[in-house]
Number of protein chains: 4
Amino acid sequence: MIIIMKPGAKPSSVQNIVKIIRDNGLTAHLSEGDQVTIVGVVGDKTRLSQSNIQIAPEVDKIVNVTESYKIVNRQFHPEDSVIHVGNTDIGPHTLTIMAGPCAIESEEQLLSTARAVKKAGATFLRGGAYKPRTSPYSFQGLEEEGLRYMKAAREETGLRTICEVTSQKAIETAVKYVDMLQIGARNMQNFELLKEAGKSGLPVLLKRGLAATIDEWLNAAEYIMSEGNENVVLCERGIRTYETSTRNTLDISAVPVLKQKTHLPVIVDPSHATGVRAYVAPVSKAAVAVGADGLMVEVHPCPACALSDGPQSLTFDDFGQLCQELKPYASLAGREF
Amino acid sequence: MIIIMKPGAKPSSVQNIVKIIRDNGLTAHLSEGDQVTIVGVVGDKTRLSQSNIQIAPEVDKIVNVTESYKIVNRQFHPEDSVIHVGNTDIGPHTLTIMAGPCAIESEEQLLSTARAVKKAGATFLRGGAYKPRTSPYSFQGLEEEGLRYMKAAREETGLRTICEVTSQKAIETAVKYVDMLQIGARNMQNFELLKEAGKSGLPVLLKRGLAATIDEWLNAAEYIMSEGNENVVLCERGIRTYETSTRNTLDISAVPVLKQKTHLPVIVDPSHATGVRAYVAPVSKAAVAVGADGLMVEVHPCPACALSDGPQSLTFDDFGQLCQELKPYASLAGREF
Amino acid sequence: MIIIMKPGAKPSSVQNIVKIIRDNGLTAHLSEGDQVTIVGVVGDKTRLSQSNIQIAPEVDKIVNVTESYKIVNRQFHPEDSVIHVGNTDIGPHTLTIMAGPCAIESEEQLLSTARAVKKAGATFLRGGAYKPRTSPYSFQGLEEEGLRYMKAAREETGLRTICEVTSQKAIETAVKYVDMLQIGARNMQNFELLKEAGKSGLPVLLKRGLAATIDEWLNAAEYIMSEGNENVVLCERGIRTYETSTRNTLDISAVPVLKQKTHLPVIVDPSHATGVRAYVAPVSKAAVAVGADGLMVEVHPCPACALSDGPQSLTFDDFGQLCQELKPYASLAGREF
Amino acid sequence: MIIIMKPGAKPSSVQNIVKIIRDNGLTAHLSEGDQVTIVGVVGDKTRLSQSNIQIAPEVDKIVNVTESYKIVNRQFHPEDSVIHVGNTDIGPHTLTIMAGPCAIESEEQLLSTARAVKKAGATFLRGGAYKPRTSPYSFQGLEEEGLRYMKAAREETGLRTICEVTSQKAIETAVKYVDMLQIGARNMQNFELLKEAGKSGLPVLLKRGLAATIDEWLNAAEYIMSEGNENVVLCERGIRTYETSTRNTLDISAVPVLKQKTHLPVIVDPSHATGVRAYVAPVSKAAVAVGADGLMVEVHPCPACALSDGPQSLTFDDFGQLCQELKPYASLAGREF
């Protein structure tokens, strides 16, 4: 932690800061410039958490030199993590494809999709049973009934299954039916939910919040991991910007940034990022090329009939073709697919 | 709802749309331009929710002409709502000041603050017992113990009390101690929590999400109200932008926009919006001048010792002076204070 | 300037940095923490401009502790500046109202507007003769003919006049007709134009760029002032965000931020910020309450007939009423109006 | 153009709109819904430009159904354009690599870079002679001297050359020395400069503005093309968002969006988009995978000594390796490289 004093700060203001630091059992290093004095703090800075140094007299700003997250930090875990979900690995040697409908609508819809995505090459079936919808009057999901269809689909196809959870109660139900939990963008900073997901024992896919910074996202992952759950996968799904020609703006550079900051796997959701079927294939290729560990893609037997997010869903044929086209990109990235 | 076809769309594509509309029991109005054909839909558009017209062949875009929220809409409730909390009103004839510490830290801290803000003119005591913090290693709040102090402060001072809730369990506890619940920015689209708050019976202050549009915010209020709870107050607290000289960017124009779209009261939180003590007073005056029904201001006996958000908290003296300075602005706005 | 090394940086990497600093005639202060070493640089940091320390081995980040602008910095000019334009002052004791049509359309339109805004209390007539329009097929302005009408309006009414300039040629023409030049948002970082405006000898109103940070804006003002022109006024006109219910998002907190960073006067343009006539009056009051030195307001004899930005223009009556309503706010702010 | 009336608009307000439309020689189509009446306009909507229908009584909003740009619109030119620059093509069958230093610093620096990038596979040499810098105290470029080095580099290596221009005067000089002009992000809406570039006769690379929408960008291209210059290439270089871990946020989806809206070639600048050397290679691969027609990459003989943007520049070795790694991606995209 570095404390930068205001230009021309009085010696007494500087000494005040030094005293606060020492009173907390830490060491202060002074660096006096022509215009500005800087105080470096050596030691465990959490000891200062009860002293709001930022508003002591003549303090200009505080610069943190270490991140607040620890378990997710690559510094403390230099090797890429591999997350095991049943017999499937998510990590640096695999291209993991999660596919399925935005919302589970019926057993037939889910099973036919499961068969199609399995055949094309997906290893995970996705499907929403609890749908967070902007309006209370939109379709809210089949809940436990939907989860039962997920279980049936897993039994028939051998696919791993993943489902979004939106409350503690949904977690309690979902753990009985699926292999992996998803925390959606709107709940990325629902810290109570993150803790519950951490305690669930299941691996967790954590989507980036609508306008979350990468550091906030990694701190959210830390909430899950600090409950003892090390099986976290991050999912970039676009951020909110002023541009409206896509539903969100995919932050593709987030993938290499994350690869530098954390050891956790990172996948990309081109469907929510763009919101437009025609853009899903090119953006999927870009995601694999940039180094993503996988993709989450919306697929529906009849996008024109979907109850949720139809415009961005691929048909079975589209998806089959996309998987074919992705194979050489996976191969260039040294990933099995 | 209006459906705009792509330029040069084939008659068969247009007829396909018309058929879908009619099959759902609605009326279609055709408007054929030189380049573009437009189809207007007359009737209850929710009947079309299972037909993804947007991805039918040669459809360019869909324009919705009515909002998806109803109970919060001023169109269906032209008069300004007044929210009664105990003997206190929040609405067009009052300037409501909610003040107190970001986090409740001790009984003495809370009581001394309650006395000071009461004396200065506040009618509500705010204080956080459940703190949603970016890092799991930051102070997370005193929980029920803090709520007990809130109750004691109410008993001594007669102030109304408000506290943020972050889970169903927190709601169940809070209803026993406080007069009003607050849903924070990070939970604005935690729809399960909104429904629980709606069922709680207490009035609810709903803060705007970090990057929520005004329409998303009004739909979130609709979630609460559709549970039968009509006592909702909105709180603008700044949105996320690229500018970093303030913690968030206060969207001051949101106040007149909301006044046009909804009948609910709107208050402004200058403390979280700016994050800087020196900006709280000027921004508070602006909020009153623009038409806000109240303010939520952080006040702390010793901002330099605060466990949370000290840099933006006012001292008792600062707050007393601010209230004095606000009086003529309240008066110009025709509000009691 | 502070250089933060990566955690566990090798001593040789630190020594490399120290050597670069010393080789440039500067002093390095080392601060070795448990995890991180920090190097403070004392002396004129521009000497380091040819050494990209940021990419030397094991450097994590660079923190600048002083701003890059000087003449606009309040640190070097603690008193508020007063800009004299003819017999009119823009500064802390006055509320300056600039009003007029977005685009000059005819002599009659401009003269009638000039008379109306003068009568209501404006001291400046604004009007666009060179219009930067998104599409090349929109009305582009009357150019020199429009400027002649500006001169005629000044002669008749005694109002000061201000006009946007978009090229060196426009500046050369405008100096013959108007009292003050305006650099628009789209040209805020057209550095060649800024330098020309600096050389023109006329006072300059510098609007904030569409998505400019406050620091970029102050650096743009520095371009003008470093040509020897000290008469610069800043104009906040809203920034680009994801919110679409207003044309831009007025960054009202920018006013107190600027008051802290610079001595230059700051005015607010509620018309471009909101883009909606109904929001101009409340936002204008907020701007005065927050401490702005003036307003720039669009007024048109017949907004429904305006060639540019009609929806945000006030009628003469609207504007007259707004000025009446602003008087007590000006008075509270200690400003003549 | 569609005009949406407010809910419950009076018949007289609707008739007023119909009259305005007819008075301008156009046809109005009425569509009366349960709550809302919609008026479709048939005919050349520019005839309505003098009638601000948006502020006529009880009009809610206007929806434009056709874009304001024409020559850049793919609708009127369905085939991909190929831009010829000397013996080099930019278009769908080629991967065009433009490489070189951010700023030209010396003849030796430029020539050595030209040789290195030519050897690696670039066909264009980039280099800044006129540098738009945030601060007036930063290095501003060698101007005409730098252009002479560009000409020398072209003569020796046979590379095509491209240089940013920031004023009419810079254009007049540059046309004597280089093959292609670049309009930078800060000048994307400097409409006077766009027109001059249009008249120059040279092909133009138009970078996206810092916070420009795709529609504004295409309208800026229309300014150039409406001067008779059909040789325009678009360059995505990242947009401004709240995320700070990269210099800008690369909007990778903009590539497929543009491919749908326009026939012009699109290239990507990974150096300015990310601002970090380590991210340039992965992002370059993503750009090729998503369908870009080329890349613009900063290369410097000694990034640590660069006068501008060193942290994002590749060394000769880095760049050579990147080109090797890009070859299979170019091949998958069916492009010569």
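This structure is a prediction, so every number in the text was calculated from the model and none was measured.

The next subject is the overall build of chain A. A tally of regular secondary structure across chain A gives ten helices and 14 strands. Counting all 337 residues of chain A, 63% fall into the buried class. Accessible area for chain A stands at about 11,400 Å²; split by element, carbon and sulfur atoms hold 46% of it. Side-chain charges in chain A split into 35 positive and 39 negative, and the spacing between the mean points of these groups amounts to 1 Å.

Okay, the side chain of Ser284(C) next. All names here are of chain C. Looking at where Ser284 falls in the secondary structure, it is placed in helix H9 (residues 277-290). Looking at Ser284, the relative accessible area reads 0%, which means it is buried. Setting aside chain neighbours within four positions, we find Ser284 in contact with Pro270, Leu295, Leu322 and Leu326.

Moving on, we get to the packing of aromatic side chains. Evaluation of the coordinates by the stated rule reveals six aromatic pairs over all chains. Each ring, one from Tyr329(B) and one from Tyr329(C), has its centre 6.1 Å from the other, and the planes form 45°; the classification is tilted. Placement of the pair is Tyr329(B) in helix H10 (residues 316-332) and Tyr329(C) in helix H10 (residues 316-332), with the two residues belonging to separate chains. The two residues Tyr329(B) and Tyr329(C) agree in class, both being buried. On the basis of an interplanar angle of 20° and a centroid distance of 4.4 Å, the ring pair of Phe191(C) and Tyr223(C) is categorised as stacked.

Applying a rotation about an axis and a shift along it to one chain copy brings it onto the other copy. Mapping chain A onto chain B is achieved by rotating through 180° and translating by 0.0 Å along the same axis, at an RMSD of 0.1 Å. Such values leave the two copies arranged in the relation of a two-fold axis. Across chain A, the rotation axis passes nearest the C-alpha of Ala211(A), at a separation of 3.0 Å.

Residues and elements named next belong to chain B. For helix H2 (residues 107-120), with 14 residues, the first-to-last C-alpha span of 20 Å sits near the 20 Å given by 1.5 Å per residue. Here H2 has its buried residues at Gln109, Leu110, Leu111, Ser112, Thr113, Ala114, Val117 and Ala120. Where H2 is buried, its residues meet strand E7 (96-100), strand E8 (124-126), helix H3 (144-157) and H10. Residue Gly121 follows H2 closely and has a positive phi angle near 130°.

The subject of this paragraph is the sheet that holds strand E3 (residues 37-42) of chain C. Paired through backbone hydrogen bonds, the strands of a sheet run either parallel or antiparallel to each other. Residues and elements named next belong to chain C. The strand order E2-E3-E1-E4 describes an open sheet built from four strands, whose pairing is antiparallel. If you trace the sheet from one side to the other, it starts and ends with strand E2 (27-32) and strand E4 (59-63), each paired once. Looking at each pair of strands side by side, their axes are set apart by 20° on average, direction ignored. Relative to E3, strand E1 (residues 2-5) is paired through three bridges, and the arrangement is antiparallel. Residue pairing across strands places Ile2 opposite Gly40, the latter belonging to E3. Helix H1 (residues 11-23) rests against E1, E2, E3 and E4 of the sheet, and its axis sits at about 155° to E2.

Next up on the list: the pattern of salt bridges. It is possible for side chains of opposite charge to pair when their charged atoms get near one another. Per the stated rule, a full pass over the model turns up 64 salt bridges over all chains. Close ionic contact of Arg208(A) with Asp251(A) constitutes a salt bridge, the shortest N to O distance being 2.9 Å. Placement of Arg208(A) in the loop between strand E11 (204-207) and helix H6 (214-225) and of Asp251(A) in the loop between strand E12 (232-236) and helix H7 (254-261) is noted, with a sequence separation of 43 residues between them. When sorted by exposure, Arg208(A) lands in the same class as Asp251(A), which is buried. One network of salt bridges, in which partners are shared, links Arg208(A), Glu236(A), Asp251(A) and Glu243(D).

Further remarks concern the relation of the copies chain D and chain B. In the superposition of chain D on chain B (RMSD 0.0 Å, axial shift 0.0 Å), the rotation amounts to 180°. In this assembly the copies share their binding face: 100% of the residues contributing to the interface of chain D also contribute to that of chain B.

Let's shift gears to helix H7 (residues 254-261) of chain D. For H7(D), the full list of buried residues reads Ala254(D), Val255(D), Pro256(D), Val257(D) and Leu258(D). Contacts made by the buried residues of H7(D) are with helix H9 (277-290) of chain A together with helix H6 (214-225), strand E12 (232-236), strand E13 (266-268) and helix H9 (277-290) of chain D.

Residues and elements named next belong to chain A. Inspection of the secondary structure puts Thr157 in helix H3 (residues 144-157). Separated by 3.2 Å, the side chain of Thr157 and the backbone nitrogen of Leu159 make a polar contact. For Thr157, the residues in contact, after removing those within four places along its chain, are Ala114, Arg115 and Lys118.

Residues and elements named next belong to chain D. Mapping Thr161 onto the fold places it in strand E9 (residues 160-164). For Thr161, a relative accessible area of 0% puts it in the buried group. Residues Thr161 and Gln109 lie 52 residues apart in sequence; the distance between their C-alpha atoms is 15 Å. Not counting residues up to four positions away in its chain, the partners in contact with Thr161 are Phe124, Leu125, Met150, Arg154, Tyr177, Val178, Asp179 and Met180.

Moving on, we come to the interface of chain D and chain B. Tallying the contact residues gives 24 residues for chain D and 24 residues for chain B. With both chains or domains summed, chain D and chain B bury close to 1,900 Å², and 67% of this area falls on carbon and sulfur atoms. Linking chain D with chain B are zero salt bridges, by the criterion used here. Between the two partners, chain D and chain B, sit zero residue pairs in polar contact (both at pLDDT 80 or more). Looking at the side of chain D that touches chain B, the elements with two or more residues in it are strand E1 (2-5), strand E2 (27-32), strand E3 (37-42) and strand E4 (59-63) of chain D. The greatest single-element share of the side of chain D that touches chain B, amounting to four residues, is contributed by E2(D). Residue composition of the side of chain D that touches chain B, grouped by class: ten nonpolar, ten polar and four charged.

On the side of chain B, 43 residues touch chain A, which itself brings 43 residues to the contact. Counting the surface lost from both chain A and chain B, the interface buries some 3,500 Å², and carbon and sulfur atoms represent 51% of this. In this structure, the connection of chain A to chain B is made through two salt bridges. Its salt-bridge partner being Arg240(B), residue Glu216(A) comes within 2.6 Å of it at the nearest N-O pair. Linking chain A with chain B are 14 residue pairs in polar contact (both at pLDDT 80 or more). Those elements giving two or more residues to the side of chain A that touches chain B turn out to be helix H5 (191-199) and H6 of chain A. Tallying contributions element by element places H6(A) first for the side of chain A that touches chain B, with four residues. Residues belonging to the side of chain A that touches chain B are distributed by class as follows: 16 nonpolar, 18 polar and nine charged.

Across chain A, the average pLDDT comes to 93, with 99% of residues at or above 70. With a pTM of 0.93, the predicted complex shows an ipTM of 0.92.

The rules behind these values
- Residues numbered from 1 in each chain as written.
- Chains lettered and ligands numbered in written order.
- Predicted model: local features only at pLDDT ≥ 70, side-chain atom pairs only at ≥ 80, totals over all residues.
- Heavy atoms only, no water.
- Helix = DSSP H or I, 4+ residues; strand = E, 2+ residues; numbered from the N terminus.
- Buried < 20%, exposed > 50% of the residue type's maximum accessible area, 1.4 Å probe, protein only.
- Areas by Shrake-Rupley, 256 points an atom, 1.4 Å probe, with all protein chains shown as cover.
- Lys, Arg positive; Asp, Glu negative; His and termini not counted.
- Charge placed at Lys NZ, Arg CZ, Asp CG, Glu CD.
- Contact = heavy atoms within 4.5 Å.
- Phe/Tyr/Trp six-rings, centres within 6.5 Å; stacked < 30°, edge-to-face > 60°.
- Least-squares fit on C-alpha atoms with pLDDT ≥ 70 in both.
- Expected span 1.5 Å × (residues − 1).
- Pairing = 2+ DSSP bridges.
- Axes fitted to C-alpha atoms, helices over the stretch in contact; angles between N-to-C directions.
- Salt bridge = Lys/Arg side-chain N within 4 Å of Asp/Glu carboxyl O.
- Polar contact = N/O pair within 3.5 Å; in protein donor to acceptor, adjacent residues only side chain to side chain.
- Buried area = accessible area lost by both parts, 1.4 Å probe.
- Nonpolar A, V, L, I, M, F, W, Y, C, P; charged D, E, K, R; others polar.
- pLDDT = per-residue confidence, 0-100.

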